[in-house]
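What follows is each chain in one-letter form.
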Amino acid sequence: MNLTIYVWRQKDAKDAGGFEKYTDECKGISEHMSFLEMLDVVNDRLTEKGKMPIAFDSDCREGICGTCSMVINGRPHGPWKATTTCQLHMRAFKDGDVIYIEPWRSKAFPVIQDLIVDRKAFDTIIQAGGYISTNCGSAPDANSMLIGKEVSDSAMDAAACIGCGACVAACPNSSAMLFTAAKLAHMNTLPQGKPEEAQRTLSMVGAMDSAGFGNCSNHLECEAACPKEISGQVIAAMNRGYAKASFGKR
Amino acid sequence: MNWFGRYLKSSVGAKHVMAVTGLLLVGFVLQHMVGNLQVFAGQEAINAYAAGLKKLGPLLWVARIGLIVIFLVHIASALRLVSLNRAARPVAYKMVKSERSSFASRAMAMSGLILLAFLAFHLLHFTLGGGPLKTQFNLIDAYGRHDVYNMVVLGFQKPAVAISYVVAMLLLCLHLSHGVTSLFQSLGLNHPKYNGIFNLAGPVIATLVLVGNCSMPIAVLAGLVKATV
């Protein structure tokens with residue numbers, strides 16, 4: 001298929017940036033390519049012409065690392081549900097399509113170059129409480145800590161978050177609540193995370209707020225954009241937990 | 001009290017502030033509507049109700065001041081959040097495809113601000129009795145009470161006034177359809193057993209308010225409720 005793509009090109013963080021149109025470079029694209037492979041082809045052709053290739057993030061290319069990050073025709077990770085950009089295939093498009101490709105847009109995710117943004121803000125949130133404290137020693141007996149199936153399932157659902165930032169990109173307010181709430185739900189649901197629940201909730205929400213993300217107004221665009229289909233229910237749990245921690249913690 | 005200030009200023013605390021003040025305001029809207037619907041029960045009923053409210057004396061002022069404070073907190077907090085949210089995305093997308101959000105949810109700030117303007121007009125119209133509507137405002141009924149019934153009916157007999165009320169109620173309906181459903185999530189109430197009810201609460205209460213409040217100007221315009229002076 002032949003495509004026209006408009007790609008956000010930005011030399012560095014200080015550059016104003018703008019869209020570049022590519023048509024010659026997007027000819028004869030196979031529908032079996034992934035979206036990133038399409039960009040690889042475009043980049044080869046740009047390189048042959050002596051032009052700067054498009055900078056974009058990718059790593060595992062199997063939908064589990066959360067590195068790829070681009071807004072494709074107004075949707076983070078493109079039009080497919082529960083799919084990261086690397087798992088999006090060109091059969092989602094048809095011959096003659098026009099595709100706009102933009103980086104995540106958020107003050108907390110400054111553009112480094114072209115489609116690559118700096119997601120350090122997520123690391124800061126994790127550092128604030130995305131862990132449990134435990135004493136090292138010999139391994140405990142198996143099954144000494146009983147965890148109900150429903151509890152472990154819901155913790156696992158939250159732990160599916162790959163930290164890609166699509167929730168922030170999709171949110172009309174650039175809020176990071178789905179990410180933060182998923183991490184809190186993952187940790188706070190399990191017995192290992194319980195002892196530090198209140199402090200974790202306060203610290204991670206605090207880190208999220210100071211990173212410059214927006215506020216949640218329950219549009220739930222995050223839930224629709226999440227490639228791991230994390231439910232907005234985790235945000236409700238965070239809303240409860242934050243009040244409990246604020247009022248209850250000594 | 002350091003922790004309390006921190007809580008209120010935080011993104012999650014701000015949600016709770018919006019939800020709690022919103023809940024109280026919805027309560028007021030419903031109570032206000034039920035009181036006003038007495039216009040259909042005739043002049044005696046609504047004038048007696050209004051006189052009863054005035055008799056509350058200092059209590060009425062407690063309620064009024066409370067209401068004003070709730071309004072101001074709701075509005076100030078909303079404005080603060082909108083400006084923070086704008087700042088959180090300095091460069092806009094070229095293309096945005098909304099999937100889950102509704103027109104109502106995206107238009108909250110807009111519908112809220114227009115409602116604020118309407119509120120100023122409404123207070124001037126029926127509470128302070130200023131402007132060009134002074135003559136209807138100063139009517140007295142046979143028992144020497146403030147003649148609310150004829151004030152309302154004469155007011156709504158002007159098509160422009162009646163239509164402005166209907167338009168404002170459409171906006172209120174839009175605002176509440178997202179706001180009421182949203183406040184459950186904000187307060188942490190999200191449970192598969194009850195989500196059906198939460199999701200219906202917004203649209204149902206919004207429609208009730210729309211139908212109830214619009215019935216009055218429409219009934220007056222249609223000649224179903226007539227002035228007695």
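Residues numbered from 1 in each chain as written. Chains lettered and ligands numbered in written order. Predicted model: local features only at pLDDT ≥ 70, side-chain atom pairs only at ≥ 80, totals over all residues. Heavy atoms only, no water.

J.: Even after reading the chapter, I still don't get the sheet that holds strand β1 (residues 4–9) of chain A, so can you show me in this structure?
T.: Strands in a sheet are paired, the pairing made by backbone hydrogen bonds, and the direction either parallel or antiparallel. Residues and elements named next belong to chain A. Reading across the sheet, the five strands line up as β2-β1-β5-β3-β4 and stay open at both edges, with mixed pairing between neighbours. Looking at the sheet topology across the chains shown, the edges are occupied by β2 (18–22) and β4 (75–76). Across five bridges, the pairing between β1 and β2 is antiparallel. Each bridged residue has a counterpart across the sheet, and for Val-7 the counterpart in β2 is Glu-20. Its contacts with the sheet place helix α1 (residues 35–48) against β1, β2, β3 (71–72) and β5 (98–102), and it is angled at close to 80° to β1. (Pairing = 2+ DSSP bridges. Helix = DSSP H or I, 4+ residues; strand = E, 2+ residues; numbered from the N terminus. Contact = heavy atoms within 4.5 Å. Axes fitted to C-alpha atoms, helices over the stretch in contact; angles between N-to-C directions.)

J.: What should I look at first to understand a nonpolar patch on the surface in this one?
T.: A cluster of nonpolar side chains, contributed by B:Leu53, B:Leu56, B:Leu59 and B:Val62, occupies part of the molecular surface with about 350 Å² of accessible area. Mapped onto the elements of the fold, B:Leu59 is located in helix α4 (residues 58–87). (Patch = residues over 30% accessible without salt bridge, like charges linked within 9 Å, V, L, I, M, F, W, Y side chains within 5 Å. Areas by Shrake-Rupley, 256 points an atom, 1.4 Å probe, with all protein chains shown as cover. Salt bridge = Lys/Arg side-chain N within 4 Å of Asp/Glu carboxyl O.)

J.: Got a minute to help me understand the pattern of salt bridges in this structure?
T.: Once the charged atoms of two side chains with opposite charge are near each other, the side chains can pair. Tallying each qualifying case throughout the model produces 16 salt bridges over all chains. Notably, a salt bridge pairs A:Lys81 with A:Glu229, separated by 3.3 Å at the nearest N-O pair. Of this pair, A:Lys81 sits in the loop between β4 and β5 while A:Glu229 sits in the loop between α7 (221–225) and α8 (233–248), and the two are 148 residues apart along the sequence. By relative accessible area, A:Lys81 is classed as exposed at 56%. For A:Glu229, a relative accessible area of 46% puts it in the partly exposed group. Three or more residues are tied together by salt bridges with common partners; here these are A:Arg75, A:Glu221 and B:Glu99. (Buried < 20%, exposed > 50% of the residue type's maximum accessible area, 1.4 Å probe, protein only.)

J.: I tried to follow the interface of chain A and chain B on my own but got confused; where do I start?
T.: Many structure descriptions define interface size as the accessible area lost when the parts assemble. Each partner contributes to the interface: chain A provides 45 residues, whereas chain B provides 39 residues. Regarding the contact of chain A and chain B, the summed buried area is about 3,500 Å², with carbon and sulfur atoms giving 53% of it. Where chain A touches chain B, the interface holds two salt bridges. Its salt-bridge partner being B:Arg100, residue A:Glu223 comes within 2.4 Å of it at the nearest N-O pair. Taken together, chain A and chain B are joined by 32 residue pairs in polar contact (both at pLDDT 80 or more). The set of elements that each furnish at least two residues to the side of chain A that touches chain B consists of β5, α4 (166–170), α6 (197–210), α7 and α8 of chain A. Per element, the largest residue contribution to the side of chain A that touches chain B is ten residues, and it comes from α8(A). For the side of chain A that touches chain B, the per-class residue count stands at 22 nonpolar, 15 polar and eight charged. (Buried area = accessible area lost by both parts, 1.4 Å probe. Polar contact = N/O pair within 3.5 Å; in protein donor to acceptor, adjacent residues only side chain to side chain. Nonpolar A, V, L, I, M, F, W, Y, C, P; charged D, E, K, R; others polar.)

J.: In this structure, what is going on with the environment of A:Asp118? I would like to understand it.
T.: All names here are of chain A. As for its position among the elements, Asp-118 is in the loop between β7 (116–117) and α2 (120–127). Each C-alpha atom, one on Asp-118 and one on Ala-13, is 9.8 Å from the other, the two residues being 105 residues apart in sequence. Those residues in contact with Asp-118 that sit more than four places away from it in its chain are Ala-108, Phe-109, Pro-110 and Ile-112. Looking at Asp-118, its side chain comes within polar contact range of the main-chain nitrogen of Lys-120, at 3.0 Å.

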